[in-house]
Amino acid sequence: MNSLKTQSVQSDEFFDSSRRPAPVVEESLALIKYRELVRQFVSRSIKTRYKRSVLGVFWTLLNPLLTMIVLTIIFSQVFRFSVENYPVYVLCGLVVWNFYSNATTGAMSDMLWSGNLLGRIYVPKSVFAVSAIGTGLINLLISLIPVFLIALILKVQITPAIFVMPFSILLLAIFSLGFGLTLSTAAVFFGDMEPVYNVLLMIWFYATPIIYPVDVIPEQFHWLIRFNPLYYFLTIFRDPLYNGTIPEPVFWIVSSVLAFGMLAVGAYIFTSRSNEYAYRI
Amino acid sequence: MTNNNPAIKLDDVAVRYRVPHEGFSGIKEYSIRLLQRRVHFEEFWALRGVSFEVNRGDVFGIIGRNGAGKSTMLKVMARVLQPTRGRIVMNGHTAPLLELGGGFHPELTGRENIALNMALLGFNRREINELFESVVEFAEIPEFIDAPLRTYSTGMVARLGFSVATCSRPDILIVDEVLSVGDVQFQQKCLNLMQTFRQSGTTIVIVSHDLATVQSFCDRVMWLDHGEIQTIGDPEEVIRKYIRMESPEQVPHLIDSSTTDEKFVELDPRLQVYSTGNIFSPEEGTVAAWLKISSNNRIGSAVLFHTDDSRYVLYTQILIDPESSKTYYEFTARAGGNQKAMIGGTKKFPEVSTRYIMNEDSIDQWVHLAMTWEGYPKGRLQFYLDGDLVGEQEYSEKCNDDQPLPLALSVGMRPLTWPGERVKEADGSFTFRRPDSKSSIYDTQLDLNSVYLFKRKLESEEIYSFQNARSSTSD
């Protein structure tokens, strides 16, 4: 019965705590070694999300659609904004927001919930953040289907500008990863990080022009929007589809700087402090 | 990475925990305290500069009381914890022997769960595919592999978990008290597996409270206390020092059963398991022990002496008499195996019992129990309380199946290594089963002391004088 037990892992593994590479390098190498785990985590959350629900994958499609319908009714009937093709406008915003909020929250809570596991076996802790981003990306791609569907129904002019959207999504994902890593590190030290971040997210949601157009904000407060990083990512995602235009270079530059800057900061903070996590579980 | 290098090397490894003094946990509290400059940490060194090496292929045991730093040590080796100071070298692929199914998800199929958990252990896709079939085969669940895990029985989940955890042989295996969880089949499986790994050259590090297992299994033992190495070396020697230090009032007599030719031996209830060797004979003998009557014993039963075939058993139950509602001890000696005990059989065991009713005078008194037997398979067993014969029982084979003679005996509890009662199943086959209760003298907080095993059957007068001689000197 034990024939398999004599098989050994092809191992030239060697760990010497005095000869370790820089934390960021070490974590990245470990992440590459554990790439299968990332894939598994992503497929697990996708599968468990859809497996036992009758409507299955349609939930992902339905959820933003329902929100969009409610918001469309409220904003066109109650506030009487006049935004052309408002459903497409708001859907684009919601897709970006849902990705951002789910991915960053997931990065933090997945790691906290795995505390029991992390206390017993070595796993590069960044797999949780990376997996949360990966899961978010797949959900985002799925939810792009209803967005394009509605756009076609409402006869929004689709231009070749949509081909820059992959880059928009990529920059958003990089920023989210950096922010998720920072959040995870903070959550290790503060037990109430999750509820605090939820409140923060709610404020952030209304502070970002997702469900309202930028011009409803009075002129003198426009500068405030510029301090909101999500504004840039939202613009480079929404403009190509909704307006059919490629945003001005300044948006791309700011987005790229924010994305890579955040990733650098997040990776540094995470790798230099996340080891303390084991001391707290 | 030549084979001459030690598998594990620790050099002055220290681990410091910083515990916030006033136990803040949130941002709010932290900010308030920070403003008031009141963030204090209490430092706690779980390991204080530990250095040792473990040779390739050795089984290395770590013992010590709770909080001595054993688990921290394993966490450092498993790379879960970064040492605050010092250097650690793990020369090879290191894997923990995990509890069952820690990372299992009920909605995923067996197949998906295997892949997920193997990925958690750091296997890549190719390795998972290669090992997959053997994992399924070893777990004995091929027909359920595509069903969700929630449809599995508990046993199937356990088998799957074990199969995944052990799907490939690591260079270094880390075992943390895994032998104290799960049922006896699981423990046996773990022991068998460790044996197999060991023979193929795996270095094993094991932490256990079960000193008997440590002594029988390990090549070297380290005794940790307060984060420092007390002793390191030969298992028997280290364990003897450990026991001596932990219970200075009693220096036990560790038995090397192969050389003992004394008339009697003193057994230590803490060591629990002995091979019968030539210290025990099913033909004749005497067991004698002192037990403290205490008011804070829990109601329950505890085994004081037990042979692995359940042929000779001495046990006590603490009961309440329903009529007088008085607590009493019931002491029972058995002369015959108990094949039906496990499955609620109706056969009455060949046993003799006596009651000891507690009153105020009896608190903190030591009572002397003695059991003698002669003439297997025909003969009788005599049972003495404080030197007085309180009952006799003919040896009976009616509860025996054709069991082999005892190879091991245990004192103080049913040992973990004991596979259980040998039970004849309905189809005529034999299996080992363990009772649900693993009650030991420690669980019931009974104080058992000075257990003597005589090689021959003592007469009443000898027991009486022995009891008196001991009790007058022991006070």
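Residues numbered from 1 in each chain as written. Chains lettered and ligands numbered in written order. Predicted model: local features only at pLDDT ≥ 70, side-chain atom pairs only at ≥ 80, totals over all residues. Heavy atoms only, no water.

## A few points about the overall build of chain B
Keep this limit in mind: Each helix is a run of DSSP H or I of at least 4 residues and each strand a run of E of at least 2, with the numbering of both proceeding from the N terminus. Each residue is assigned to one of three classes by its accessible area relative to the maximum for its type, calculated with a 1.4 Å probe on protein chains only: buried under 20%, partly exposed between the two thresholds, exposed over 50%. We call two residues in contact when some of their heavy atoms are within 4.5 Å. Accessible surface is estimated by sampling points in the Shrake-Rupley manner with a 1.4 Å probe; for residues, cover comes only from the protein chains shown.
Along chain B, the regular secondary structure elements total nine helices and 23 strands. Residue burial in chain B is summarised as follows: out of 475 residues, 53% are buried. Residue pairs at least 24 apart in sequence account for 68% of intrachain contacts in chain B once pairs closer than 6 positions are excluded. Put simply, chain B shows about 20,900 Å² of open surface, and 47% of that area lies on carbon and sulfur atoms.

## What to know about the overall build of chain A
Each helix and strand counted, chain A has eleven helices and one strand in total. Secondary structure elements in chain A, listed N-terminal to C-terminal, are β-α-α-α-α-α-α-α-α-α-α-α. For chain A, with 281 residues in total, the buried portion stands at 53%. Considering only contacts in chain A between residues 6 or more positions apart, those separated by 24 or more positions represent 78%.

## A word on the sheet that holds strand 18 (residues 380-385) of chain B
Residue and element names in this part refer to chain B. Test applied: Strands are treated as partners if at least two bridges between them are detected by DSSP. Working convention: axes come from line fits to C-alpha atoms, limited for helices to the stretch in contact. Angles between N-to-C directions cover 0 to 180 degrees.
Sheet architecture is open: six strands sit in the order 10-23-12-17-18-19, paired in antiparallel fashion. Edge positions in the open sheet fall to strand 10 (264-267) and strand 19 (388-394), since each of these has one partner strand only. When the angles between neighbouring strand axes are averaged without regard to direction, this sheet yields 15°. Note: strand 10 against strand 23 (residues 447-454), four bridges, orientation antiparallel. Along strand 23, the bridge assignment pairs Val265 with Leu453.

## A few points about helix 8 (residues 193-207) of chain A
Residue and element names in this part refer to chain A. To be explicit about the condition: One fewer than the residue count of a helix, multiplied by 1.5 Å, yields its expected span. This arc is built from the directions going out from the helix axis to the C-beta atoms.
Taking 1.5 Å per residue as the helical rise, helix 8 with its 15 residues ought to reach 21 Å, and the 20 Å between its terminal C-alpha atoms agrees with that figure. Along helix 8, the residues that are buried comprise Met193, Tyr197, Leu201, Trp204 and Phe205. The buried residues of helix 8 occupy an angular sector of 105° when the element is viewed end-on, so they sit on one face. Within helix 8, the exposed residues directed more than 90 degrees away from the buried face are Met202, Ile203 and Tyr206.

## Some details on the pattern of salt bridges
A side chain with one charge may pair with a side chain of the opposite charge, provided their charged atoms come close. Selection criterion: Throughout this description, the term salt bridge denotes a Lys or Arg side-chain nitrogen within 4 Å of a carboxyl oxygen of Asp or Glu.
Tallied over the full model, the rule gives 13 salt bridges over all chains. One salt bridge in this structure joins Arg87(B) and Asp16(A), with 2.4 Å as the shortest N-O distance. Taken together, the residues Arg87(B) in strand 4 (residues 85-90) and Asp16(A) in strand 1 (residues 15-16) connect one chain to another. A residue is classified by how much of its surface remains accessible, and Arg87(B), at 28% relative accessible area, is partly exposed. Here Glu130(B) makes a salt bridge to Arg126(B), at a shortest N to O gap of 3.0 Å. Taken together, the residues Glu130(B) and Arg126(B), both in helix 4 (residues 125-139) and four residues apart, mark about one turn of the helix. With a relative accessible area of 53%, Glu130(B) lands in the exposed category.

## Some remarks on the packing of aromatic side chains
How we decide: In this analysis, rings of Phe, Tyr and Trp, with Trp reduced to its six-membered ring, are considered paired at centre separations within 6.5 Å, and the interplanar angle assigns stacked below 30 degrees, edge-to-face beyond 60, and tilted for intermediate values. Only when the NZ of Lys or the CZ of Arg is both within 6 Å of the ring centre and within 35 degrees of the ring normal is a charge said to sit over the ring.
What the rule picks out here adds up to 27 aromatic pairs over all chains. Arranged with centres 6.4 Å apart and planes meeting at 25°, the rings of Tyr86(A) and Tyr89(A) form a pair that is stacked. In this pair, Tyr86(A) and Tyr89(A) are both assigned in helix 4 (residues 86-113), three residues apart and thus about one turn of the helix distant. In terms of burial, Tyr86(A) and Tyr89(A) fall into one category: buried. In textbook terms, an aromatic cluster arises when at least three aromatic residues are bridged by ring pairs, as seen for Trp97(A), Tyr100(A), Phe175(A), Phe179(A), Tyr197(A), Trp204(A), Phe205(A), Tyr206(A) and Phe233(A). Seen from the ring of Tyr89(A), Arg238(A) lies directly overhead, with NZ or CZ sitting 3.6 Å from the centre. Positioned above the aromatic ring of Phe217(B), the side-chain terminus of Arg198(B) is 5.0 Å from the ring centre.

## Remarks on unusual backbone geometry
Of note, the phi angle at Lys155(A) is positive, near 60°, even though the residue is not glycine. Not every positive phi belongs to a glycine, and Arg79(B) is a case in point at roughly 65°. Position of Arg79(B) relative to the elements: it lies in the loop between helix 2 (70-77) and strand 4.

## Side note on the packing of helix 6 (residues 126-153) of chain A against helix 7 (residues 165-189) of chain A
All names here are of chain A. Rules: When the near helix sits turned anticlockwise from the far one by under a right angle, the crossing is termed left-handed; a clockwise turn instead gives a right-handed crossing. Just so you know the grouping, Ala, Val, Leu, Ile, Met, Phe, Trp, Tyr, Cys and Pro go in nonpolar, Asp, Glu, Lys and Arg go in charged, and all remaining residues, Gly too, go in polar.
Interhelical geometry of helix 6 versus helix 7 gives an angle of 145° and a closest axis separation of 10 Å. In the packing of helix 6 onto helix 7, the handedness of the crossing is right-handed. Across the interface between the two elements, Ser126, Ala129, Val130, Ile133, Leu137, Leu140, Leu144 and Phe148 of helix 6 pack against Met165, Ile169, Ala173, Ser176, Leu177 and Leu181 of helix 7. Grouping the constituent residues of the contact of helix 6 with helix 7 by class yields twelve nonpolar, two polar and no charged.

## Digging into the nonpolar core
This is how it is decided: Among the buried residues, those of types Ala, Val, Leu, Ile, Met, Phe, Trp, Tyr and Cys that are joined through side-chain atoms within 4.5 Å form a nonpolar core.
The biggest cluster of nonpolar side chains holds 113 residues, and the ones touching the most others in it are Leu37(A), Tyr100(A), Ile211(A), Ile114(B) and Met118(B). With 16 residues, helix 4 of chain A is the single largest residue contributor to this core. The next biggest cluster of nonpolar side chains, apart from the first, holds 35 residues, and it includes Leu267(B), Val287(B), Tyr312(B) and Met358(B).

## Topic: the pairing of strand 3 (residues 59-63) of chain B
Residue and element names in this part refer to chain B. Most of strand 3 sits inside the fold, with five of its five residues counted as buried. Direction of pairing for strand 3 relative to strand 7 (residues 203-207): parallel, over a ladder of four bridges. Across the sheet, residue Gly61 finds its bridge partner in strand 7, namely Ile206. Sheet topology note: the strand 3/strand 8 (residues 220-225) ladder contains four bridges and is parallel. Paired with Ile63 across the strands is Trp223, a residue of strand 8.

## Topic: the sheet that holds strand 6 (residues 172-176) of chain B
Residues and elements named next belong to chain B. Reading across from one edge, 5-6-7-3-8-9 is the order of the six strands in this open sheet, with mixed pairing throughout. The strands lining the two open edges of the sheet, one partner per strand, are strand 5 (94-96) and strand 9 (228-233). Pairs of neighbouring strands in the sheet enclose a mean axial angle of 20°, with direction left out of account. Relative to strand 6, helix 2 is tilted by about 150°, and along the sheet it contacts strand 3, strand 5, strand 6, strand 7 and strand 8.

## Observations concerning the packing of helix 4 of chain A against helix 10 (residues 229-243) of chain A
Residues and elements named next belong to chain A. In plain terms, the rule: Reported orientations rely on four angle classes, namely roughly parallel under 35 degrees, roughly antiparallel over 145, roughly perpendicular from 65 to 115, and oblique for the rest.
Close contact between helix 4 and helix 10 brings their axes to 10 Å; oriented N to C, the two are set at 140°. Judged by the inter-axis angle, helix 4 sits oblique to helix 10. The handedness of the crossing between helix 4 and helix 10 is right-handed. Contacts between helix 4 and helix 10 pair Val88, Tyr89, Cys92, Gly93, Val95, Val96, Trp97 and Tyr100 from the former with Leu230, Leu234, Phe237, Arg238, Leu241 and Tyr242 from the latter. For the contact of helix 4 with helix 10, the residue count by class is twelve nonpolar, one polar and one charged.

## Description of the pairing of strand 19 of chain B
All names here are of chain B. Pairing of strand 18 with strand 19, which is carried by six bridges, proceeds in the antiparallel orientation. Looking at strand 19, one finds that Phe383 is bridged to Gly391. Counting the residues in the hairpin turn of strand 18 and strand 19 gives two residues, including Asp386, whose phi is positive at 50°.

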